[in-house]
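# Descriptive structure summary
The residues making up each chain are set out below.
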Amino acid sequence: MRVVSRISAARKAIEALPRPLVLVPTMGALHAGHAALLRKARSLAGDTGSVAVSIFVNPTQFAPGEDFGKYPRAVREDLTTCRSEGVDLVFTPTEDELYAKDHSTFVVEGLLSSGLCGEFRPGHFRGVCTVVAQLFLILRPDAAIFGSKDYQQLAVIRRMVRDLHFGIRILGHPTVREKDGLAMSSRNRYLSPEERSHAPAIYRALQELRGMVRSGENRISTLERRLRSRLSRIPSGTIDYAKVVDAETLQPVRIMHRPTVALVALRLPSARLIDNLVLRPRTA
Ligand code: AMP
C-alpha cells in the first residue's frame, strides 16, 4: 500500500495502478461504515483492479463555528484499516496542497444542495463538490463509492458528475449501523454516554414511519408530524430538520406516489447527528 500526500506523487502513483481504479473519499477517523465502503470498492475493482482512499478533513465544507478544529484525526489507525482492507493507494493531502492561498474557484450544485443540510450548513455542499471534483481530477478514478448515510451528499455528487460529465461511476452503499440502530459516524465519539443512549431513537423514529407507510399512510404531512413528535422527545435534542421528500429530486411532495426519503438532522449538545430512511409506497 502506498501513502502519498503530494498531488504530483498521487498522479504518478495512479499511472502505475491497474484499472479499474475505485476511489473512496473520506475525512478519516475510519469506522466499520467506512470499512464496508472499502470492501465494496475492492469487490468492484476485482483482484486485478485497484482501490484508492483519500483522507482529508476538508476545511471548505465546514461552516464557521462548526467542528473543523476538533474533527477527529487518526491517520495511523486509518492506515492500519486501509492496509487490512487491501487498499492500494492512500492520498492524504494537506490543506495547502489542495487549496492555494488565493484559491478562488468552487463547484456549486444549484438545486439539490439548497435545502436540508444546505440550509443549516451554509457553503457545506459547495465545499464538498469542490473537494470531490479536485479528488476526481487528481486521481481520475473509474468509479467512486459514497455512503447513503449522507443521502443528500450522494444525490449532489451524482448530479455534479452527471452535469459536468466526469465519466465516473458513482455507487452508493447502505448505511452501516451499530447494533442498536444508530448510524455509524466519526462524530459519534463526541457523544456523552447519556446522549449515546438517546441517539438510537432517531432510527427508531424513521422505522416507525416505514411501518406507517406499510400500513397504508401516504400523507407526507402526517408522516413528518409523527417524525417530529418522536424526535422532540429526545432529551436536549434540537431538530434542524425532519422531512420526507422525493427520494430522487429531494423536492417536497404532498402524497407519496413514488419512493420518498425521510431525512433527519438532530443537534445534541455534543454532536449533530444525521440519518435517513427510504420509504416506498405500498403499490410501487
Ligand atoms: P466521512 O469520512 O464522514 O466524510 O465519510 C466518508 C464516506 O463514508 C462518505 O461517503 C459517507 O457517506 C460514508 N459513510 C460514513 N458513515 C457511514 C455509515 N455509517 N454507513 C455507510 N457509509 C458511511
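Just so you know, these numbers come straight off a predicted model, no measurement behind them.

The next subject is the sheet that holds strand S5 (residues 143–147). If you walk across this open sheet you meet the 6 strands as S1-S4-S3-S2-S5-S6, and the pairing is parallel. A single partner strand is all that each edge strand has here, and the edge strands are strand S1 (2–4) and strand S6 (169–173). Neighbour-to-neighbour, the strand axes of this sheet turn through a mean angle of 25°, independent of strand direction. Sheet topology note: the S1/strand S4 (residues 89–91) ladder contains 3 bridges and is parallel.

Below, the discussion takes up the site of the ligand. The local shell around the ligand holds 16 residues, among which Met 27, Gly 147, Asp 150, Val 176 and Met 184 are the closest. A distance of 2.8 Å separates a nitrogen atom of the ligand from a polar atom in the backbone of Met 184. Its residues assigned to classes, the shell around the ligand comprises 8 nonpolar, 6 polar and 2 charged.

Pairing of S5 with S6 involves 5 bridges; the strand directions are parallel. Bridging across to S6, Ala 144 finds its partner in Ile 170. Note on the crossover from S5 through helix H7 (residues 151–163) to S6: the handedness is right-handed.

Moving on to the environment of Arg 280. Secondary-structure assignment places Arg 280 in the segment after strand S9 (272–279). When its relative accessible area of 56% is taken as the criterion, Arg 280 is described as exposed. Arg 280 sits 190 residues away from Val 90 along the chain, and the two C-alpha atoms are 38 Å apart. Beyond its immediate stretch of four places on either side in the chain, Arg 280 contacts Val 213, Met 256 and Pro 259.

Parameters at a glance
- The residue numbering used here restarts from 1 in each chain and proceeds along that chain's sequence as written.
- With the structure being a predicted model, the display of local features is reserved for residues of pLDDT at least 70 and the display and counting of side-chain atom pairs for 80 or more, all residues being used for whole-chain, interface and lining totals.
- Only heavy atoms go into the side-chain values, all of them from the structure, while hydrogens and water stay out.
- Should DSSP find at least two bridges between two strands, the strands are regarded as paired.
- By definition, any uninterrupted DSSP run of H or I lasting at least four residues is a helix, any uninterrupted run of E lasting at least two residues is a strand, and each is numbered from the N terminus.
- The angle between two axes is taken between their N-to-C directions and runs from 0 to 180 degrees, where each axis is a line fitted to C-alpha atoms and a helix contributes only its stretch in contact.
- Whether a residue is near a molecule or strand depends on its heavy atoms: if one lies within 4 Å, it is near.
- Think of a polar contact as two N or O atoms within 3.5 Å of one another; within protein, one of them needs to be a possible hydrogen donor and the other a possible acceptor, and neighboring residues in sequence only count if both atoms come from side chains.
- When residues are sorted by character, Ala, Val, Leu, Ile, Met, Phe, Trp, Tyr, Cys and Pro go into the nonpolar class, Asp, Glu, Lys and Arg into the charged class, and all the rest, Gly among them, into the polar class.
- Consider the strands pointing away from the viewer: the crossover is right-handed when the path from the first strand over the helix to the second runs clockwise.
- When accessible area is computed with a 1.4 Å probe and restricted to protein chains, residues below 20% of their type maximum are described as buried, those above 50% as exposed, and intermediate ones as partly exposed.
- Should any heavy atoms of two residues lie within 4.5 Å, those residues are counted as being in contact.

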